[in-house]
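Structure assessment
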Amino acid sequence: MVGAYSNRAHDFAQSDVNFLRALAMTLGQAIERRRAEVELQIRAIQQSAVAELGRRAATNVGPDTLNRTCELVMDVLSVEYSTFLQPLDNATLSRRDGTDWRPDASRAIPIAETQAGHTYREGMPVIVRDYGIERRFASAEFTQQGIRAGLTVPVSTQHRKFGVLAAFTRVPKEFTTGDIQFVQSVANLLAEALERDA
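We now turn to the structure provided with this report. (Residues numbered from 1 in each chain as written. Predicted model: local features only at pLDDT ≥ 70, side-chain atom pairs only at ≥ 80, totals over all residues. Heavy atoms only, no water.)

Attention now goes to the nonpolar core. In this structure, Val73, Leu77, Phe84, Val155, Leu165 and Val183 are the most contacted members of the largest nonpolar core, which totals 26 residues. Among the secondary structure elements, those contributing two or more residues to this core are α2 (63–77), β5 (149–156), β6 (161–169) and α5 (177–197). The leading source of residues in this core is α5, at eight residues. Residue contacts for Val73: discarding those within four places in its chain leaves Ser78, Val79, Ser82, Leu165, Ala167, Phe182, Val183 and Val186. Ranked by size, the runner-up nonpolar core spans 10 residues in total, among them Tyr81, Val126, Tyr131 and Ala166. (Core = buried A, V, L, I, M, F, W, Y, C linked by side-chain atoms within 4.5 Å. Buried < 20%, exposed > 50% of the residue type's maximum accessible area, 1.4 Å probe, protein only. Helix = DSSP H or I, 4+ residues; strand = E, 2+ residues; numbered from the N terminus. Contact = heavy atoms within 4.5 Å.)

Here is the structure:
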């Protein structure tokens, strides 16, 4: 919105209104152009990350590749934590690689009533925008450790579930559709490589 104000009585002419309208339209177009440029830059960074992972996963899915996967997720999404969780048994997940926000990162995560567990069980991405008001999953530990938002996606193929790829941040974040698609693309590449090497 563009406005013009005066601290004394003033009759704005139609030409003034037309000028402001044209100015607002020009500013709006410039903002939209810049938004589109930023979106293209983000997509290029995401595609580069997926390509790097594809090259790595084609030859090796060891700890280096798994850790690099988590680093790429952190870098591209601008989050502080990313981890790959794998099932220990039918009831728990554990961290295999990546950077965990939990003080005891080796502790197992129950599949029941957790965000990562829901993602693993249902095979669908899950976003939590604010753990402070989250009611679907147990979130007290997140808020106690200062984690504000998180995204989890399944690492699976049609034939097998390998785990969950997660991203977490200490600042408020609205994960976009593009963010979800990026992390899911990374998770899919990882799953295909894990299945190939199984």
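Further remarks concern the packing of aromatic side chains. Across all of its chains, the model carries two aromatic pairs by this definition. Pairing Tyr131 with Phe142 gives two aromatic rings, centres 3.9 Å apart and planes at 5°, and the pair type is stacked. Of this pair, Tyr131 sits in the loop between β4 (126–128) and α4 (140–144) while Phe142 is found in helix α4, placing the two residues 11 residues apart along the sequence. For Tyr131, a relative accessible area of 2% puts it in the buried group. What makes Phe142 buried here is its relative accessible area of 12%. Consider the rings of Phe142 and Phe168, whose centres lie 5.6 Å apart with planes at 50°: the pair is tilted. Placement of the pair is Phe142 in helix α4 and Phe168 in strand β6, with a sequence separation of 26 residues. Using a relative accessible area of 7% as the deciding quantity, one classes Phe168 as buried. Positioned above the aromatic ring of Tyr120, the side-chain terminus of Lys161 is 5.2 Å from the ring centre. (Phe/Tyr/Trp six-rings, centres within 6.5 Å; stacked < 30°, edge-to-face > 60°. Lys NZ or Arg CZ within 6 Å of the ring centre and 35° of its normal.)

A word on α2. Taking 1.5 Å per residue, 15 residues should reach 21 Å; α2 reaches 21 Å between its end C-alpha atoms and fits that length. Taken residue by residue, α2 has Thr65, Leu66, Arg68, Thr69, Cys70, Leu72, Val73, Met74, Val76 and Leu77 as its buried positions. Following α2 by one or two positions, Ser78 adopts a phi angle in the positive range, close to 55°. (Expected span 1.5 Å × (residues − 1).)

What follows concerns the sheet that holds strand β3 (residues 109–110). If you trace the six strands from one edge of the open sheet to the other, you get β3-β2-β1-β6-β5-β4, paired in antiparallel fashion. In the strand order of this sheet, the two ends are held by β3 and β4, each with one partner. Bridge count for β4 against β5 is three bridges, and the pairing is antiparallel. Residue pairing for β5: Val128 is matched across the bridge by Gly150. On the sheet, α5 packs against β1 (81–87), β2 (92–99), β4, β5 and β6 and is oriented at approximately 30° with respect to β5. (Pairing = 2+ DSSP bridges. Axes fitted to C-alpha atoms, helices over the stretch in contact; angles between N-to-C directions.)

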